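# Overview (structure and organization)
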Amino acid sequence: MTAKSLLLTFRLDQEQRRRLKARLAREGRTMSEVVTHGLRQYVQGVRARGGNSPEPPDPPRLPERIAGRLRELRSSGRSDLLSATLAALSEAGWPLRPLAEALGISKQAVQRRIRRRIPAELRGHVTNCEPPPPFPHRREASTNGHRPHLTIKIDHTLRAAAHQAAAREGNSLSQVVETILDRYLRHGLAGEDQPPASRPARRSR
């Protein structure tokens, strides 16, 4: 890595991280190698398309009965129960945007509430947490409200180009990285004709 490198942080589920670690070890690769290769292909693809991708679909709206319940909890000052309900809705698959719109607050404010430590007894009082209808969306937080962070080094120029390409398509860089790793788990490193297993093993210096 050159001096012109930045740290790229994203989240991975424990199970996904375990599977990635096993495959990387089996193929003699590193996480940085896979992500860097995927980001280069992603940037090239976006540039080839001219950035004219379809607009990302809007997430579904929260049912009025659930939105009304959230507003009632907020107006009555039951802050802990509101946080517990938001966390349960997030775990059920609802993205931040419709939760924020229901309360008239920012997505960051919703996320802060979701990440609070919720007393166990409050979870039993949470109701109306049905999942949203199917729609394309990013992986949500795990049941404890967090997914472990993973940090790798990435070339500054590539990171900037990937960030710009992702924003042009209505995605976040974390979403792009998650997609790259999901694809690697299913299909291996994209664009390689030679099976990774046939590569010579790396020698430690």
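Here the structure is a predicted model, which means the values were calculated and not measured. (Residues numbered from 1 in each chain as written. Predicted model: local features only at pLDDT ≥ 70, side-chain atom pairs only at ≥ 80, totals over all residues. Heavy atoms only, no water.)

### Re the pattern of salt bridges
- Using the criterion set out here, one finds 7 salt bridges in the structure.
- In this structure, R29 and E27 form a salt bridge, with 3.2 Å as the shortest nitrogen-oxygen distance.
- With its nearest N and O atoms 3.4 Å apart, the salt bridge here joins R78 to E72.
- Residue R78 is classed as partly exposed on the basis of its relative accessible area, which comes to 34%.
- For E72, a relative accessible area of 39% gives the class partly exposed.
- Because the salt bridges share partners, they merge into one network encompassing R23, E27, R29 and E33. (Salt bridge = Lys/Arg side-chain N within 4 Å of Asp/Glu carboxyl O. Buried < 20%, exposed > 50% of the residue type's maximum accessible area, 1.4 Å probe, protein only.)

### Here we look at the nonpolar core
- Grouped together as the largest cluster of nonpolar side chains are 26 residues, with contacts concentrated most on L8, L20, M31, V34, V35, L39 and L181.
- If you list the elements that add at least two residues to this core, you get α1 (14-27), α2 (31-49), β2 (149-155), α8 (156-168) and α9 (173-187).
- Formed by 22 residues, the second largest nonpolar core is a distinct cluster that contains L73, L86, A100 and V110. (Core = buried A, V, L, I, M, F, W, Y, C linked by side-chain atoms within 4.5 Å. Helix = DSSP H or I, 4+ residues; strand = E, 2+ residues; numbered from the N terminus.)

### Considerations on the packing of α1 against α9
- At a closest axis distance of 10 Å, the pairing of α1 and α9 adopts a crossing angle of 60 degrees. Between α1 and α9, the angle falls in the class oblique. Remark: the crossing between α1 and α9 carries left-handed chirality. Each of Q16, R19, L20, R23, L24 and E27 in α1 lies in contact with α9, whose residues at this interface are E178, L181, D182, Y184, L185, R186 and H187. (Axes fitted to C-alpha atoms, helices over the stretch in contact; angles between N-to-C directions. Parallel < 35°, antiparallel > 145°, perpendicular 65-115°, else oblique. Left-handed = near helix turned anticlockwise from the far one by under 90°. Contact = heavy atoms within 4.5 Å.)

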